[in-house]
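Structural characterization, general
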Amino acid sequence: MALELVFQIEGGDFSNAGKASSQIKKVLKQLNIDTRIIKRVVVAVYEAEVNVAAHAHRGQVKALFGETEVEVVVTDQGPGIENIEQAMQPGYSTASKEVREMGFGAGMGLSNIAKNTDNLHIESEVGKGTILTFRCNYS
Amino acid sequence: MKISEIIKYTEASVVTGNPENDKDLEKGFSSDLMSDVLTLDEENILLITGLSNLQLVRTAEMADIQAVLLARGKQASPEMIELANENNLIILETPFSIYKASGILYSNGLKEVY
Ligand SMILES: Nc1ncnc2c1ncn2[C@@H]1O[C@H](COP(=O)(O)OP(=O)(O)OP(=O)(O)O)[C@@H](O)[C@H]1O
Ligand SMILES: [Mg+2]
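Since the structure is predicted, the reported quantities are computational estimates derived from the model, not experimental observations.

Some points on the interface of chain B and chain A
- Contacts between chain B and chain A engage 21 residues on the former and 24 residues on the latter.
- With both sides pooled, the region where chain B packs onto chain A buries about 1900 Å², and carbon together with sulfur makes up 51% of that total.
- When the buried surface of chain B facing chain A is broken down by residue, Q55(B), R58(B) and M62(B) rank first, second and third, together holding 33% of it.
- Inspection of the chain B/chain A interface yields 4 salt bridges.
- Among the ionic pairs, D41(B) bridges to K115(A), the shortest N-O distance being 3.8 Å.
- Along the contact surface separating chain B from chain A lie 13 residue pairs in polar contact (both at pLDDT 80 or more).
- The set of elements that each furnish at least two residues to the side of chain B that touches chain A consists of α2 (34-37) and α3 (54-62) of chain B.
- Among the residues making up the side of chain B that touches chain A, the classes are represented as 8 nonpolar, 5 polar and 8 charged.

Here's the deal with the sheet that holds strand β2 (residues 58-65) of chain A
Residue and element names in this part refer to chain A.
- Here we have 5 strands laid out as an open sheet, ordered β1-β2-β3-β5-β4, and antiparallel in their pairing. Sheet topology places β1 (3-10) and β4 (118-125) at the edges, where each strand pairs with a single neighbour. On average, each strand axis in the sheet is tilted by 10 degrees relative to the strand beside it, whichever way the strands run.
- Here β4 runs beside strand β5 (residues 129-137); their pairing, made up of 6 bridges, is antiparallel. If you follow I122 over to β5, its bridge partner there is L132.

Digging into the packing of helix α1 (residues 19-30) of chain A against α3(B)
- One way to put it is that α1(A) packs onto α3(B) with a least axis distance of 11 Å and a crossing angle of 25 degrees. Classified by the angle their axes make, α1(A) and α3(B) are roughly parallel. Taken as a pair, α1(A) and α3(B) cross one another with a handedness that is left-handed. When α1(A) is examined against α3(B), the residues K19(A), S21(A), S22(A) and K25(A) are found in contact with a partner set consisting of R58(B), E61(B) and M62(B).
- The class makeup of the residues in the contact of α1(A) with α3(B) is 1 nonpolar, 2 polar and 4 charged.

Things to note about the UniProt feature "domain: Histidine kinase/HSP90-like ATPase" (unreviewed entry) in chain A
- UniProt's entry tags residues 18-135 of chain A with the feature "domain: Histidine kinase/HSP90-like ATPase" (unreviewed entry), counted in the numbering of this structure.
- Annotation note: span residues 18-135 of chain A, helix share 43%, strand share 27%, distance between end C-alpha atoms 18 Å.

Some words on unusual backbone geometry
Residue and element names in this part refer to chain B.
- The backbone of R72 shows a phi angle near 55 degrees, a positive value even though the residue is not glycine.
- Relative to the assigned elements, R72 resides in the loop between β4 (67-70) and α4 (78-87).
- A relative accessible area of 64% places R72 in the exposed class.
- In this structure, N88 takes a positive phi of about 55 degrees despite not being glycine.
- You can see N88 is positioned in the loop between α4 and β5 (90-93).

Comments concerning the side chain of S31(B)
Residue and element names in this part refer to chain B.
- Along the chain, S31 falls in the loop between β2 (27-30) and α2.
- With a relative accessible area of 8%, S31 lands in the buried category.
- Within the structure, the side chain of S31 is placed 2.9 Å from the backbone nitrogen of L33, a separation counted as a polar contact.
- Once residues lying within four places of it in the same chain are set aside, the contact partners of S31 are D36, V37, L47, I48 and T49.

Cut-off values and rules
- Residues numbered from 1 in each chain as written.
- Chains lettered and ligands numbered in written order.
- Predicted model: local features only at pLDDT ≥ 70, side-chain atom pairs only at ≥ 80, totals over all residues.
- Heavy atoms only, no water.
- Contact = heavy atoms within 4.5 Å.
- Buried area = accessible area lost by both parts, 1.4 Å probe.
- Salt bridge = Lys/Arg side-chain N within 4 Å of Asp/Glu carboxyl O.
- Polar contact = N/O pair within 3.5 Å; in protein donor to acceptor, adjacent residues only side chain to side chain.
- Helix = DSSP H or I, 4+ residues; strand = E, 2+ residues; numbered from the N terminus.
- Nonpolar A, V, L, I, M, F, W, Y, C, P; charged D, E, K, R; others polar.
- Pairing = 2+ DSSP bridges.
- Axes fitted to C-alpha atoms, helices over the stretch in contact; angles between N-to-C directions.
- Parallel < 35°, antiparallel > 145°, perpendicular 65-115°, else oblique.
- Left-handed = near helix turned anticlockwise from the far one by under 90°.
- UniProt positions renumbered as here; feature names shortened; annotations may be inferred.
- Buried < 20%, exposed > 50% of the residue type's maximum accessible area, 1.4 Å probe, protein only.

Below you can see the structure in the form of structure tokens.
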């Protein structure tokens with residue numbers, strides 16, 4: 001099967017953040033995946049998309065739909081994350097006032113991605129960007 | 001609580017959604033923080049919020065939230081209405097504050113998430 005979808009995200013562009021998760025939701029529905037699992041996947045992808053819009057310059061979401069799981073890779077060019085352990089703490093946020101006015105910046109995104117996915121892996125280089133990889137099993 | 005009751009108690013107007021499809025919601029949650037909403041495991045809820053933007057509609061889509069109540073006269077933009085119609089999201093607008101709307105709905109039996 002192995003369908004692959006790729007989406008681009010621009011930093012600051014909040015109105016397009018959500019397009020990737022929305023499309024991924026449609027595909028998972030067509031595959032008849034349990035709605036609880038779909039919610040976990042798309043909440044994680046949406047949080048990751050918003051992080052690119054909120055914190056990076058630009059990025060890309062790649063979703064690979066396999067036989068038993070979906071793998072998502074979110075790559076961005078941006079400031080990177082200096083202390084990943086700290087960034088993962090619920091409540092930790094460096095979000096700007098503008099981002100907060102959009103309804104984000106509670107510092108919940110990364111920990112929520114971790115909660116909803118299997119094998120979250122974060123790689124980041126300060127001044128270059130961040131790569132987020134996670135999987136969700138279909139069952 | 002039925003959507004029609006929510007409309008009655010909060011003097012709300014219907015912006016999107018089909019009033020014929022009078023869904024029954026069990027619980028309510030009030031927040032302006034979308035990533036907080038995205039941590040909820042519940043689905044059959046009413047989201048009461050003062051945030052009126054596209055991210056609200058996206059958040060509802062991802063979190064499987066069926067209905068949102070915009071408080072204190074906040075109005076949905078044309079972009080929000082378009083996306084909400086695509087996703088079958090019910091948007092209601094009430095003149096009441098989040099505090100007042102939440103209090104009235106709670107005292108009439110719409111349960112809390114936490
Ligand atoms: N892609 C990224 N590039 C650079 N920094 C990031 C990125 N993602 C997260 N961060 C950093 O990690 C912090 C925590 O991220 P997290 O998603 O948990 O919270 P938030 O985005 O600040 O708020 P929320 O997700 O609740 O809206 C951010 O405030 C930011 O400093
Ligand atoms: Mg975030």
